Amino acid sequence: MAVYPLPKFHYQVDWNGTIISFSEVSGLSAETEVIEYRHGDSPEYHKIKMPGMQKFGNVTLKRGIFKDRNDFHDWWKETRMFQEGNNVGSLYRRTVTISILNEEHSPIVTYKLTNAFPTKVQPSDLKADGNEVAIETLELVHEKLEISYQA
């Protein structure tokens, strides 16, 4: 039997136990900063390099705008309310899981974002002569990205 790479169009996004459909997910990235060091009595005339802190890219989620579906705006509003000093605790931080699925709709590769919250909400642009679906965008920041593979 032939083995093929997974297609990138079959995925799901789960935040706090709710599966939400998106037309596009981008920005899943992780980077390890490099620490350069050389101690004063080193016989070598170069620096050694060591792994340092990790940093993660912002994740962008896009979907069509639907009547009575305010998930993006409500979550962003919770974050804004917290910043304004209202007592909403840490409810605005969520775990977001993005999974690439196989033919049986089972997760094969899973990206888990820890303590994610929205940093930017962008409504669709509007055009009087347009014929496209209105797409809204949510940009998330997070503290950790875990990648796991299922057999």
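Heads up: the structure comes first, above all this text.
Remember, predicted model here, so these are calculated numbers, not experimental data.

Novice: I'm lost on the packing of aromatic side chains in this one. Help?
Specialist: Given two aromatic rings, their pairing is described by the distance between the two centres and the angle made by the two planes. If you walk through the whole model with that rule in mind, you get 2 aromatic pairs. Their ring planes at 55° and their centres at 6.1 Å tell us that tryptophan 15 and phenylalanine 22 sit as a pair that is tilted. Exposure class is identical for tryptophan 15 and phenylalanine 22. Each is buried. Among the aromatic residues, those joined into a ring-pair cluster are Trp15, Phe22 and Trp75. If you follow arginine 94 out to its NZ or CZ, it ends over the ring of tryptophan 75, 4.5 Å from the centre.

Novice: What's the story with the pattern of salt bridges in this structure? I'm lost.
Specialist: For side chains bearing opposite charge, pairing can occur when the charged atoms are close. Taken as a whole, this structure holds 4 salt bridges when the rule is applied. Glutamate 136 is the partner of arginine 63 in a salt bridge, and the nearest nitrogen-oxygen pair spans 3.0 Å. Placement of arginine 63 in strand E6 (residues 59–64) and of glutamate 136 in strand E9 (residues 135–141) is noted, with a sequence separation of 73 residues between them. The shortest N-O distance in the salt bridge between glutamate 143 and arginine 93 comes to 2.8 Å. Of this pair, glutamate 143 sits in the loop between E9 and strand E10 (144–149) while arginine 93 sits in the loop between helix H1 (71–83) and strand E7 (94–101), and the two are 50 residues apart along the sequence. The class for arginine 93 is partly exposed, based on a relative accessible area of 28%. One network of salt bridges, with partners in common, ties together Glu36, Lys47 and Lys49.

Novice: Help me understand the side chain of threonine 110, please; the structure alone is not making it clear to me.
Specialist: Along the chain, the position of threonine 110 falls in strand E8 (residues 107–122). The contacts of threonine 110, once residues within four sequence positions are left out, are Thr97, Ile98, Ser99, Glu146, Ile147, Ser148 and Gln150.

How each quantity is defined
- Residues numbered from 1 in each chain as written.
- Predicted model: local features only at pLDDT ≥ 70, side-chain atom pairs only at ≥ 80, totals over all residues.
- Heavy atoms only, no water.
- Phe/Tyr/Trp six-rings, centres within 6.5 Å; stacked < 30°, edge-to-face > 60°.
- Buried < 20%, exposed > 50% of the residue type's maximum accessible area, 1.4 Å probe, protein only.
- Lys NZ or Arg CZ within 6 Å of the ring centre and 35° of its normal.
- Salt bridge = Lys/Arg side-chain N within 4 Å of Asp/Glu carboxyl O.
- Helix = DSSP H or I, 4+ residues; strand = E, 2+ residues; numbered from the N terminus.
- Contact = heavy atoms within 4.5 Å.

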